[in-house]
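The lines below spell out each chain.
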Amino acid sequence: MADTMKAAVWRGQKDLSIEQVPIPQPGPGEVRLKVKVCGICGSDLHEYNEGPFLIPRRPHPLTGRQGGPLVVGHEFSAEIDSLGPEAEGWQPGDRVTVNCLLYCGVCAYCQRGQYNMCLKLGTVAFASDGAFAEFLCVPAYTLLKLPDAVTDDMGAFAEPLAVAVRVVKRTRLELGHSVAVIGAGPIGLLVMQVALAAGASRVFVVEPMAARREMALKLGAALAIDPTAEDAGKAIAAATGNMRADRAFDCVGIQASFDTAVKCTGRRAVICVAGMALKPVEVRFLSLWGHEKEITFSTGYEDEFPAALALLADGRVDVESLISDRIKLDDLLSAGYEPLMNQPDQHLKILVYPE
Ligand SMILES: [Zn+2]
Ligand SMILES: [Zn+2]
């Protein structure tokens, strides 16, 4: 085997290049994975344009990694290539995906099983090298076996789907609830499908881009509202006999999307903010107080991967429709990042193949 491989290396804002780097060696408790396919995430674009956000600015307490150079890419499926010392229970050739949480296992939150609250929390591809590469090494505890019914391409959606499952769970959605999803990007389109799988009666999607509204309707939305053309709150009120939605998912995380989520919901509603809110958002208590609305947040995932894999395996969540292109790692910037940034109305998820 050659001793170098191709990888996408992030070094700072607007500084990402495809390079030959050494093939990583698995340390104790680690496995080396051969990457099959890796999706491009909105957070990859954030890190490229304005990062570091999730990439640590100081040496990470678990991995020691800080800033670049860093191999990015965290939504992937892979095959086990080799096992490091003390990595047991897996065989070369096993098809896997990875729960990207890196946690200490000993802090008070880890002891409660609240791993995404770990005091030393890190994530694969931000605090360690990721999967826009031919190989990567991860701790064996992060691995999940892909069911036979989950193809490699579908497996690349396990991570964002785990995010979506948690978003829905955070609102304690009940059978028969009506739901508003603000923002029909990849996460919003997964959230709406998870909500339907969880028993939502009807899903209303609010999204300015026509192509994304069409996709939402194709995937089962009862109504897709253009907030630049009509008042989303009134449209949902009209469709629900003035009840509005029982649950709202803000999959954008800006003032306008949060205000829309408040308007789209009825009394005793729960609003979950799933989008990473990079700027301050003003909350008018009076718009929530009288109706006893709740606001909650969802960050990443904890134990949602088995549910995500089950939803992929039995086809209740359609991810194939979200794939807008398939590209080679060599073309990551020109055929991946750039179209996602410049033609978002033509793209949802672009899958990247290392070879
Ligand atoms: Zn992601
Ligand atoms: Zn911990």
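Everything numeric here is computed off the predicted structure, so don't read it as measured data.

A. Looking closely at the coordination of the zinc ion (ligand 1). Binding of the zinc ion (ligand 1) to the protein goes through Cys 41 (SG), His 74 (NE2) and Glu 75 (OE), at separations of 2.2 to 2.4 Å. Mapped onto the sequence, the donors of the zinc ion (ligand 1) take the spacing C-x32-H-E. Placement of the pair is Cys 41 in the loop between strand S3 (30-39) and helix H1 (42-50) and Glu 75 in strand S5 (residues 75-83), with a sequence separation of 34 residues. The same class applies to Cys 41 and to Glu 75, which are both buried.

B. View of the sheet that holds strand S13 (residues 223-225). Read from one edge to the other, the open sheet built from six strands follows the order S13-S12-S11-S14-S15-S16, with strand pairing classed as parallel. With one partner strand each, in any of the chains shown, S13 and strand S16 (294-297) form the two edges of the open sheet. Put simply, the sheet's adjacent strands are angled 20 degrees from each other on average, direction ignored. One ladder, built from four bridges, connects strand S15 (residues 265-273) with S16; its direction is parallel. Bridge pairing links Cys 272 to Thr 296 in S16. Each of strand S11 (178-182), strand S12 (202-206), S13 and strand S14 (245-250) touches helix H7 (residues 232-239); the most contacted strand, S13, lies at about 160 degrees to it. Sitting on the sheet, helix H8 (residues 255-264) is in contact with S11, S12, S14, S15 and S16, with an inclination near 150 degrees to S15.

C. How the structure looks around the environment of Lys 349. Position of Lys 349 among the secondary structure elements: in strand S18 (residues 349-353). When the C-alpha positions of Lys 349 and Ile 40 are compared, they lie 6.5 Å apart, and in sequence the two are 309 residues distant. Look past the residues within four positions of Lys 349 in its chain and what remains in contact with it is Gly 39, Ile 40, Cys 41, Glu 75, Phe 157, Pro 186, Leu 322, Ile 323, Ser 324 and Asp 325. Here the side chain of Lys 349 touches Glu 75 through a polar contact of 2.8 Å, side chain to side chain.

D. Main features of the coordination of the zinc ion (ligand 2). Cys 104 (SG), Cys 107 (SG), Cys 110 (SG) and Cys 118 (SG) make up the full set of protein donors to the zinc ion (ligand 2), lying at 2.3 to 2.4 Å. Given a relative accessible area of 4%, Cys 110 falls into the buried group.

E. Looking closely at the pairing of S5. For S3 and S5, the ladder comprises eight bridges, and the chain directions are antiparallel. Of the residues in S5, the one forming a bridge with Cys 38 is Phe 76. Examined bridge by bridge, S5 and strand S6 (residues 95-98) share three bridges and lie antiparallel to one another. Bridge pairing in S6 places Ala 78 opposite Val 96.

F. Main features of the packing of helix H4 (residues 158-170) against helix H10 (residues 305-313). Running from N to C, H4 and H10 cross one another at 110 degrees; their axes reach a closest spacing of 8 Å. One way to sum up the angle between H4 and H10 is to call them roughly perpendicular. With respect to the hand of their crossing, H4 and H10 are arranged in right-handed fashion. Of the residues in H10, those touching H4 at Ala 158, Glu 159, Leu 161, Ala 162 and Val 165 are Phe 305, Ala 307, Ala 308, Leu 309, Leu 311 and Leu 312.

G. Focus on empty space enclosed by the protein. Evaluation of the coordinates by the stated rule reveals one cavity of 30 Å³ or more. In this structure, the largest cavity encloses a volume near 40 Å³. Forming the walls of the largest cavity are Gln 255, Phe 258, Asp 259, Val 262, Glu 282, Val 283, Arg 284 and Ser 287. When residues in the lining of the largest cavity are grouped by element, the largest group, four residues, is from H8. Classifying every residue of the lining of the largest cavity gives three nonpolar, two polar and three charged.

Reading the values: rules and limits
- Residues numbered from 1 in each chain as written.
- Chains lettered and ligands numbered in written order.
- Predicted model: local features only at pLDDT ≥ 70, side-chain atom pairs only at ≥ 80, totals over all residues.
- Heavy atoms only, no water.
- Donors = N, O, S within 2.8 Å, 3.2 Å for Na, K, Ca; no water.
- Helix = DSSP H or I, 4+ residues; strand = E, 2+ residues; numbered from the N terminus.
- Buried < 20%, exposed > 50% of the residue type's maximum accessible area, 1.4 Å probe, protein only.
- Pairing = 2+ DSSP bridges.
- Axes fitted to C-alpha atoms, helices over the stretch in contact; angles between N-to-C directions.
- Contact = heavy atoms within 4.5 Å.
- Polar contact = N/O pair within 3.5 Å; in protein donor to acceptor, adjacent residues only side chain to side chain.
- Parallel < 35°, antiparallel > 145°, perpendicular 65-115°, else oblique.
- Left-handed = near helix turned anticlockwise from the far one by under 90°.
- 1 Å grid on protein atoms, 1.4 Å probe; cavity = no way out; pocket = protein on both sides within 12 Å on 5 of 7 lines; lining within 4 Å.
- Points joined across faces, edges and corners; volume = space filled by probe spheres on them.
- Nonpolar A, V, L, I, M, F, W, Y, C, P; charged D, E, K, R; others polar.

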